[in-house]
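Examining the three-dimensional arrangement
One letter stands for each residue in the lines below.
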Amino acid sequence: MTTTARDYTVELDRIPGAGQDEETFVVRQADGSDERIRLHDYDRVYAIPGLYEEVVQQQLECASPATIVAKLAEAIAADGRHAGDIRVLDVGAGNGVIGEGLRDAGFRVPVASDALVEARDAAERDRPGLYAEYVIDDGTVEAFGKIAGAIRRHELNALTCAAALGPGHIPLERLVGIWGLMPAGSYLALTASSALVAEWGGAQNALNAVSGDDAPTEVLVAEPFRHRLLMRGGSVDYDVIVGRKPLEG
Ligand SMILES: C[S@@+](CC[C@H](N)C(=O)[O-])C[C@H]1O[C@@H](n2cnc3c(N)ncnc32)[C@H](O)[C@@H]1O
């Protein structure tokens, strides 16, 4: 990330009982002004350089980026593959934290997608040159076509989706559609709340659901981990799941 000195401080609101999607914090600028922001209002968070990293990575100790990168690396190594042969589409990419982690681990990450223009703008501002293409996925057929074109152009063979699946985030049907565009043998790595994975009936059922009408994607790795701290205290548990689409024939 391109770093500049931050001229603001952040104070988390430690409101008892506040759920993951209700959490807020106050940003105090050097000139004395302040604003309260809801963490899930990502457009406002991404607009301030370094804010997402300060709140989510530093203060809330988010482990999803390191975990998804490590587990994808483990899965491809077990297949005798090298990170440099893996070309990733990162969906719900935000401002590029996951993409940067993948790149630093030797993966190629030519394409990202996210619903928010602010996410793309922040990635280009803070991590210029990280992606060759950043598609704004507003859920339309046109955006789906752009993702399909990018997958073909860059011969992508892996899809990552960190902390971006489920209620209030990417609908399962959208992930099913995008995963359906990926070629046979592609890798899928995602992190999602353990409660959601349990609702789906476990990791293999989750990948069966993501596979839609295609042959089921096989689970290679499935592990629980502490995704991040909650502002009110305690933490939220996620599962990391890595799978591989069957080879044809
Ligand atoms: C918790 S952030 C995670 C960002 C990134 N994956 C990371 O781990 O740093 C969730 C991201 O999902 C994106 N998102 C939410 N709903 C979406 C949708 N329907 N389609 C695409 N992206 C979406 C948000 O804009 C946000 O950038």
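Residues numbered from 1 in each chain as written. Predicted model: local features only at pLDDT ≥ 70, side-chain atom pairs only at ≥ 80, totals over all residues. Heavy atoms only, no water.

**What about the overall build of the protein chain?**
For the protein chain, the count of helices and strands is 9 helices and 10 strands. Against the compact-globule benchmark of 18 Å for 249 residues, the protein chain has a radius of gyration of 18 Å, which places it among compact chains. If you line up the protein chain on its principal axes, its C-alpha atoms span 65 × 35 × 35 Å. With 249 residues in all, the protein chain has 49% of them scored as buried. Put simply, 62% of the contacts in the protein chain that link residues at least 6 apart link residues at least 24 apart. By element, 50% of the accessible surface of the protein chain is carried by carbon and sulfur atoms, the whole surface being about 11,200 Å². Counting 23 positive and 39 negative side-chain charges, the protein chain places the centres of these two groups 3 Å from one another. (Helix = DSSP H or I, 4+ residues; strand = E, 2+ residues; numbered from the N terminus. Rg over C-alpha atoms; globule rule 2.2 N^0.38 Å. Buried < 20%, exposed > 50% of the residue type's maximum accessible area, 1.4 Å probe, protein only. Contact = heavy atoms within 4.5 Å. Areas by Shrake-Rupley, 256 points an atom, 1.4 Å probe, with all protein chains shown as cover. Lys, Arg positive; Asp, Glu negative; His and termini not counted. Charge placed at Lys NZ, Arg CZ, Asp CG, Glu CD.)

**With respect to the sheet that holds strand β4 (residues 87-91)**
Strand order across the open sheet formed by 7 strands is β6-β5-β4-β7-β8-β10-β9, with mixed pairing between neighbours. Each having just a single partner strand, β6 (133-136) and β9 (218-229) make up the two edges of the open sheet. Pairwise comparison of adjacent strand axes, ignoring direction, gives a mean angle of 20 degrees for this sheet. By the bridge criterion, 5 bridges tie strand β7 (residues 158-162) to strand β8 (residues 187-193) in an arrangement that is parallel. In the sheet register, Cys161 faces β8, and the bridge partner there is Leu190. (Pairing = 2+ DSSP bridges. Axes fitted to C-alpha atoms, helices over the stretch in contact; angles between N-to-C directions.)

**What about the site of the ligand?**
Close to the ligand lie 17 residues; Tyr46, Tyr52, Gly92, Asp114 and Ala162 are nearest. The side chain of Asp114 places a nitrogen or oxygen atom 2.6 Å from an oxygen atom of the ligand. Against a free-state accessible area of 600 Å², the protein chains account for coverage of 89% of the ligand. Mapped by element, the contributors of at least two residues to the shell around the ligand are α1 (42-47) and α4 (97-104). (Near = heavy atom within 4 Å. Polar contact = N/O pair within 3.5 Å; in protein donor to acceptor, adjacent residues only side chain to side chain.)

**Some details on the side chain of Asp114**
You can see Asp114 is positioned in strand β5 (residues 108-114). For Asp114, which is buried and forms no salt bridge, the nearest opposite charge comes from Arg120, at a distance of 10.0 Å. Looking at Asp114, its side chain comes within polar contact range of the main-chain nitrogen of Leu116, at 3.0 Å. Those residues in contact with Asp114, other than ones at most four positions away along the chain, are Gly92, Ala93, Gly94, Ala119, Tyr134, Val135, Ile136 and Asp137. (Salt bridge = Lys/Arg side-chain N within 4 Å of Asp/Glu carboxyl O.)

**Some words on unusual backbone geometry**
In the Ramachandran plot, Glu61 falls in the positive-phi region, its phi being about 50 degrees despite a non-glycine side chain. Looking at the secondary structure, you find Glu61 in the loop between α2 (51-59) and α3 (64-78). Among the residues examined, Glu61 registers a relative accessible area of 40% and is labelled partly exposed. One non-glycine residue, Ala163, adopts positive backbone phi at about 50 degrees. Tracing the chain through its elements places Ala163 in the loop between β7 and α7 (172-181). Judged by its relative accessible area of 27%, Ala163 falls in the partly exposed class.

**Description of the pairing of β7**
Where burial is concerned, most of β7 is hidden: 5 out of the 5 residues are buried. Across the two faces of β7 the burial is the same, with Ala158, Thr160 and Ala162 and Leu159 and Cys161 all buried. Bridging between β4 and β7 involves 3 bridges; their strand directions are parallel. Note that in β7 the partner of Val88 across the bridge is Ala158. Chirality of the crossover, the property in question, places the unit of β7, α7 and β8 among those that are right-handed. (Right-handed = clockwise from strand over helix to strand, strands pointing away.)

**Points about the domain arrangement of the protein chain**
You can read the domains of the protein chain as domain 1 (8-59) and domain 2 (64-244). Contacts between domain 1 and domain 2 engage 26 residues on the former and 20 residues on the latter. Both sides of the domain 1 and domain 2 interface together cover about 1,700 Å² of buried area, and 55% of this is carbon and sulfur. On the domain 1 side of the interface with domain 2, the three residues burying the most area are Gln20, Glu23 and Tyr46, jointly 36% of the side's total. The interface formed by domain 1 and domain 2 includes 2 salt bridges. Of the charged contacts, one joins Glu53 and Arg127 as a salt bridge, the two residues approaching to 2.8 Å between their closest N and O atoms. Going through the elements one at a time, β2 (24-29), α1 and α2 are the ones with two or more residues in the side of domain 1 that touches domain 2. If you tally residues by element for the side of domain 1 that touches domain 2, the top one is α2, at 5 residues. When the residues that make up the side of domain 1 that touches domain 2 are grouped by side-chain class, the tally is 13 nonpolar, 8 polar and 5 charged. (Domains from an automatic or database assignment. Buried area = accessible area lost by both parts, 1.4 Å probe. Nonpolar A, V, L, I, M, F, W, Y, C, P; charged D, E, K, R; others polar.)

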